Every structure is written in structure tokens, then in C-alpha cells.
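# Structure assessment
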Amino acid sequence: NTQVSSMANTPDVADLKKENGQAELNETNGDEDIDLSDANTTLVIHPGSDSIKIGFAKDETPMVIPACVAVPKSDLLGEVSNQESKRNPYGRQQPADFEELKSDIQQSFKERMRFYKRKVQPNAHEQVVTFNKQSKPEYMEEKNDFNRINWITTPDRRYYGKDALRCSKDHFIVRRPFVKGGSFNIESSDYRSLQDLLGDVTGLLEYTLGSQHFELKPSQFSQYKLVLVIPDLFEKSHLETFIGCLITELQFQAVAIIQESLATCYGAGISTSTCVVNIGATQTRIACVDEGTVLENSAITLDYGSDDITRLFAIFLLQSDFPYQDWDIESAHGWLLAQELKKNYITFQDANVTVQLYNFIKRVPGKKAEKYDFKVFDEVMLAPLSLFYPEIVEQLQSESSPKVSNTKLQDQLPVSRDIFTDNLNDWRSMSQAECLNGELYCGVQDDFQTLCKVLDSQSKVEESQTENITVADTRKNYAPLEKAVVQSITNASLFLDIAKMAPFYSNILVCGGGSKIPALDFILTDRINIWRPRLLSQNSFPTFYKKLAKQIKDLKAAGKNSEGKTSALPEEDQSQEKVNDIIQKEFQKYMETIEAQGNGDHTLPVSVLPPPRDMDPAMLVWKGASVLAQIKLVEELYLTGTDWDIHGSRILQYKCIFTY
Ligand code: ADP
């Protein structure tokens, strides 16, 4: 079994417990009646920002519940910020900065088409605009609109999941309790308190588990165990609050956690070194996984996702005189249409980017549906290209996000700190920090500089581990996707084994609902090949790097041992000088061999893997967690209600397959 073998190197949880005198934890505390080995009574939950995937461990696929709750406006009157006061930034009129960034993307699109020898009609855009301007609606009788939506306009109670999506924003405030793949949405001004937010979380779970498929009453939750998927760069305070809520409030028997990227590998049945790229609704997350471990320094969270592509696509359509000019993308009906159009039409398949004729149905609550024809051209590719040009998303988000944030909630759920030193103690990734500081490997033109940067990284991470971090970094990460992948793989390999670059590059596993763009694998491969620095692309680089690193290490060791030598320079400088010499010399020698190889293919192959066996990429993570739920290892990972009562969150240190 590939999954089980991939766990070979994970710490032995039983040993850990023994060491800490907790061997009899479950046996002595009234948990005897819990059958940890019975997967029939296990539920698997993967909370996403867009939807919660939830199912019995033995289900083939999970139920997908939109992670939102519609609350009647009258319930919240005056207590939360008024959403209407926010300016709608998603119209066709955009500031000059936006237009400039759009034209960069257009340029890139044209270059790509030229490279693949695709003809672009010079007047394609004009054809689209002329057609769209003249497009007239065809009114539809209600009985002929088979996909009509029964809008909910009576704010009589709260609605959850799919129903919440049908609630009109004139009468409801639609709240999303999760962001960032499982953290709580504590920035939203729609919540009065943490309790209010947790109420949405428990409400959503009770609603879902009470539905036809599960038919579980809250009183039955105590017969079930949970496997919960958490982000790779999880936030301890959020996770602990969530587990506390699942165990104490909802009374589940036990909870086991697994990180998202590891779950993805389980889901795909891959046990070799893999770089996982998960394109979600609001975020895109990258991490390298090796031998059942998510490598901390490789994890990256990018603050853009598929919902941003939806918004951009809608704006680009409006700018091409889309026949629905008063389209309010943020309204419930407007957003549903935008999502539908995005799912149906965006593509990276360059053969399909010609002037195309499609149609859509405008459905506004309380009005007759209208059917329109419309034409599109490059919009279908420009919008998803923002994954590689996310500056435009940054620009758009800066225009739209409210300037006020919810300080009350943030105070109620502060970042986790070490109890002894008071330093922040969440996972910290060097790749993430480098993205935020703009210190990317991609974009360094000079091979020698690339080498120096790579050599520096090792010492930098050692430094950063001893560094005391006291203030949370709240900056957002808008590094382009392909560059972030290179950053993640390079750092993962540097800290593990530089030879791992080859398997990481040949196993880039793309998942998440946002990855469902035709030919994404193709363009991502191209973009990585374009941007990966020449030096880091060489097949022979790992061998060269290993040899050089060893030489440097030996020199430094020799420098430390040589005592009493007379020289004008202090010892440290002397040995540094020698190190610099050797780097220069070896580099030159190496470059000569590269040049001598000529243009033969000596690069590390990049290969982006599609999800296996026609599996839905949005379900892959859940699938992996359901695999974990059915193997023996999971028994070691369950923390029970009694564990939680006695030990609190400290128990997580003994019940995780990673360093908590
Ligand atoms: P999360 O984990 O954040 O909940 P998911 O992995 O479920 O996110 O992905 C949801 C996102 O994927 C949404 O933005 C949705 O619009 C997008 N999506 C779903 N299906 C498609 C599709 N066929 N084509 C493009 N995007 C899609």
C-alpha cells in the first residue's frame, strides 16, 4: 500500500506518548467504549473557504456544502457594518493602474499565441464588441426556464449552504465563517463575536449532518469520530478553537487531523516526493511533501484564487460590452452567473481562443428570465492568466476590501504564542517569507547571483529559527504562481536533499476546484520552464551543488581548527575569503561544462500531473483524508474528549503526524 509506506518516517506517536508518561492515556480515562478502529463511525471533514466537503469515511465522494450562512438583516441590524456602504469595484470602469496591468496580460497572451503559431484576427475584439452591443434579450416564460432559481426573499430565518446562496442580499447578510482553507474568518465585519462565528460553524455542521445523506441528530454526534483536514500553514489558535468546539460543543467522540498537502498525496495515491499546488476559491497553496511529511519551509499561501478569476472574467466581459451592463457581480444572482460563466468558458487551450458565440440567462429575483447571445474572445484566457500576473488581483482587492477590520474578533482569537517565551509559535515557512520580501529565485538573471542566493539560504534558515518573532506578519502574498512553485521546490530540496529537485519537478500535483481550467498543466509547465533560473534547471546542478557545499563545509571546519597562524586578517575573514575563492572557481568550471554541453536537453524535466483516474481535483484532499480514516495509523492520531478535558491543546503535540 503506497499510502502506508509513505508514512514510514513519521514519528511513532505511541513512543512519544510513552516518553511523556502518557501511555495509558486512553485506557484509564473512560474512553474504552470508543472503537477507534471502526471506520464505519468516522466522518471526514475538509472545510474550505468556498465549500465544506464532508462525508462518511467509507463514502466514495463527499457532500459539498457551500460554506455560507444567510442571516436575516433584521437580526444583525446596527450590529455589523452595513455592506451596502462598500463601493462596488467590479464594474467596467477601472482605474488606469488596472488597465495597464490588463494590457501586460494581453501582451503576454499575444506572445503565447505567436509562439504556438496561432493566428489572432486583428479585429477580433471589435467583432465581439459590435455583436455584444446589439444583442437583444429573449424573454423566457418561467415554465421554460428549467434551471430557474427559487430566490429566497423572505428573511424569516437563517439559511445554510446551497439555500444561503439563493438568499437575496437585499434581505440577508451572507456570511462565510471559513477563510484560508480552514481558518476562521475573523477579519469579517459581519460577525459580532467569536461566539457568533462559531455559531455559524456549528449551525452549518448540524444542518449538513441532519440532511438526507447523513440523517444524524446532534445527539448522535457522540457516536462518531472525525478526521479533519487542516491547512499546511495552519493557525494554532484557530485549530484549537475548532477542535474544542467539535469536542466540547458538538460532542464528537474523537478528532484526528491531517495537513492538506499530505492528504492530497494520499488521495492521489502518490508516495514519491511531490509538490502540491492547490487552487482554492480565495487562496492558492503550495507545499512539498516527502516521505509523509509536509516540509515546513516549502509551504506558501498565495492570497488569490479562483474567485478572483471569476471577478476579473466578469470585469473583462463588461469591458467588452457584455449585454448585461448593470450586472452586479456581488449580488447573489450576479455571483451565480459569474461563477457559471467562468466554469464554462475560461481556458488555457490556445486553439479555443477565437471569437466564440455563447449565450447566458440573466435571472434576477422577481423578474422574468432573459436569454442573451454574446461573443467572447481573449477574455477567456486573460482572466485565468492572472494566476501568473496576480498584480492585477492585488490592485482589484485593494480597491474592494473594506478598510476596517474586525478588531474585536481578532482580540478574541489572537495568534498563538509560546507560553514560556511569548514568541509566536505557528509554523513559519522560509518560502513564504521570501515571497513576501520579494526575494524570489525567479527573476535573478545572473547565474552567479543565483548560486550565492542558494548558498545563503541554508544559513538564513538557521538564523531565522533562532529569531524571536513577536509580531504577526499580516502582509498578503501575491507572488506569481509559477515563481512560487520554483521557490517552494528549491527550498524544499535545499533543506532536505538537493537531489530531490528532480522528483519534485516531475511530480507537481495540481488540485482544488480552481485547477479545473483546460490545459492548466500545459501552461504551468511552460511558465515554470520560462522562469526557472538557468542554473537551477540543470540536470547536473544537484551534483555540483553537493560537491561545492561539502568543499565549503570542509574549508570552514579547517579554518576553525587552524590556530595561531599569522595574518593581517582575522581568522573568520580569512576563511571567508577562501570560501569565496572556491565558489568563484568552481562556478566558473561548472559554467564551462554547461556551455560545452551546447543546446542538448540537460534540464530537469517539469511535469504537472493531472488528478488520477478522472477524479475531481476539488475532492482530492477529502479523498486522501478518507484514506487516512481507514488505515490503522489513524488510531494513534485520535484525540478523544477525555484527552482534551485532561490535557487541553497540549495533547496535539502527541497526536499529530507532524511537529505541532
Ligand atoms: P476551497 O477549498 O477554497 O473551498 P475549492 O477547492 O472547493 O475551494 O474550489 C472552489 C473554487 O473553484 C471556486 O472559486 C469555484 O468557482 C472554482 N471552480 C469550481 N469548479 C470549477 C470549474 N469547473 N472551473 C473553474 N473553476 C471552478
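Above this note sits the structure.
Residues numbered from 1 in each chain as written. Predicted model: local features only at pLDDT ≥ 70, side-chain atom pairs only at ≥ 80, totals over all residues. Heavy atoms only, no water.

Here we take up the pairing of strand β13 (residues 284-290). Judged by how many residues are buried, β13 sits mostly within the fold: seven of seven residues are covered. Side-chain alternation along β13 places T284, I286, C288 and D290 on one buried face and R285, A287 and V289 on a second face that is also buried. Linking strand β12 (residues 274-279) to β13, which pair antiparallel, is a turn of four residues. As defined by bridge partners, β13 adjoins strand β15 (residues 300-302) across three bridges and the pair is classed as antiparallel. Residue pairing in the sheet places I286 in a bridge with I300 of β15. Pairing analysis gives two bridges linking β13 to strand β14 (residues 293-294), with the strands arranged antiparallel. (Buried < 20%, exposed > 50% of the residue type's maximum accessible area, 1.4 Å probe, protein only. Helix = DSSP H or I, 4+ residues; strand = E, 2+ residues; numbered from the N terminus. Pairing = 2+ DSSP bridges.)

Grouped together as the largest cluster of nonpolar side chains are 99 residues, with contacts concentrated most on W327, L341, L481, I508 and F541. If one sorts the elements of this core by residue count, helix α10 (residues 306-319) sits on top with eight residues. Within the second largest apolar cluster, 84 residues are counted, among which are L76, L239, I243 and A263. (Core = buried A, V, L, I, M, F, W, Y, C linked by side-chain atoms within 4.5 Å.)

Scanning the entire structure with this criterion turns up two cavities of 30 Å³ or more. Each pocket or cavity is described by its volume, and for the largest cavity that value is around 80 Å³. Lining the largest cavity are P47, G182, S183, L228, V229, I230, P231, F234, E235, H238, L239 and F242. If you list the elements that add at least two residues to the lining of the largest cavity, you get β10 (225-230) and α8 (236-249). When grouped by side-chain class, the residues that make up the lining of the largest cavity number eight nonpolar, three polar and one charged. (1 Å grid on protein atoms, 1.4 Å probe; cavity = no way out; pocket = protein on both sides within 12 Å on 5 of 7 lines; lining within 4 Å. Points joined across faces, edges and corners; volume = space filled by probe spheres on them. Nonpolar A, V, L, I, M, F, W, Y, C, P; charged D, E, K, R; others polar.)

Let us look at helix α16 (residues 447-466). The end-to-end C-alpha distance of α16 is 30 Å, a good match for the 28 Å that 20 residues give at a rise of 1.5 Å each. Among the residues of α16, those classed as buried are D447, T450, L451, K453, V454, L455, S457 and V461. Sitting at the amino-terminal end of α16 is D446, which places a side-chain oxygen 3.2 Å from the backbone nitrogen of F448. (Expected span 1.5 Å × (residues − 1). Polar contact = N/O pair within 3.5 Å; in protein donor to acceptor, adjacent residues only side chain to side chain.)

Strand order in this open sheet of six strands is β3-β2-β1-β10-β11-β20, and the pairing throughout is mixed. Every interior strand has two partners, whereas the edge strands, β3 (63-66) and β20 (639-640), have only one. Alignment of strand β2 (residues 51-56) against β3, held across four bridges, turns out to be antiparallel. Bridging from a neighbouring strand, I54 pairs with M63 of β3.

Taken together, the neighbourhood of the ligand is formed by 16 residues, with K53, D307, Q339, K342 and G513 sitting nearest. Here an oxygen atom of the ligand and a backbone polar atom of A281 are 3.1 Å apart. The separation between a nitrogen atom of the ligand and a polar main-chain atom of K516 is 3.1 Å. Applying the majority rule of atoms within 2 Å of the grid points places the ligand in the second largest pocket. (Near = heavy atom within 4 Å. Sits in = over half its atoms within 2 Å of the grid points.)

For the rest of this paragraph, the subject is the environment of W327. Position of W327 among the secondary structure elements: in the loop between α10 and α11 (332-345). As for W327 and L337, which are separated by ten residues in sequence, their C-alpha atoms are 9.4 Å apart. Setting aside anything within four residues of it in sequence, one finds W327 in contact with A314, L317, L318, F322, G334, L337, A338 and L341. Separated by 3.1 Å, the side chain of W327 and the backbone oxygen of G334 make a polar contact. (Contact = heavy atoms within 4.5 Å.)

The next subject is the layout of surface pockets. Estimates place the volume of the second largest pocket at around 1000 Å³. Lining the second largest pocket are 41 residues, and of these D50, S51, V64, Q339 and K343 sit closest to its centre. Per element, the largest residue contribution to the lining of the second largest pocket is six residues, and it comes from α11. Here the lining of the second largest pocket is composed, by residue class, of 15 nonpolar, twelve polar and 14 charged.

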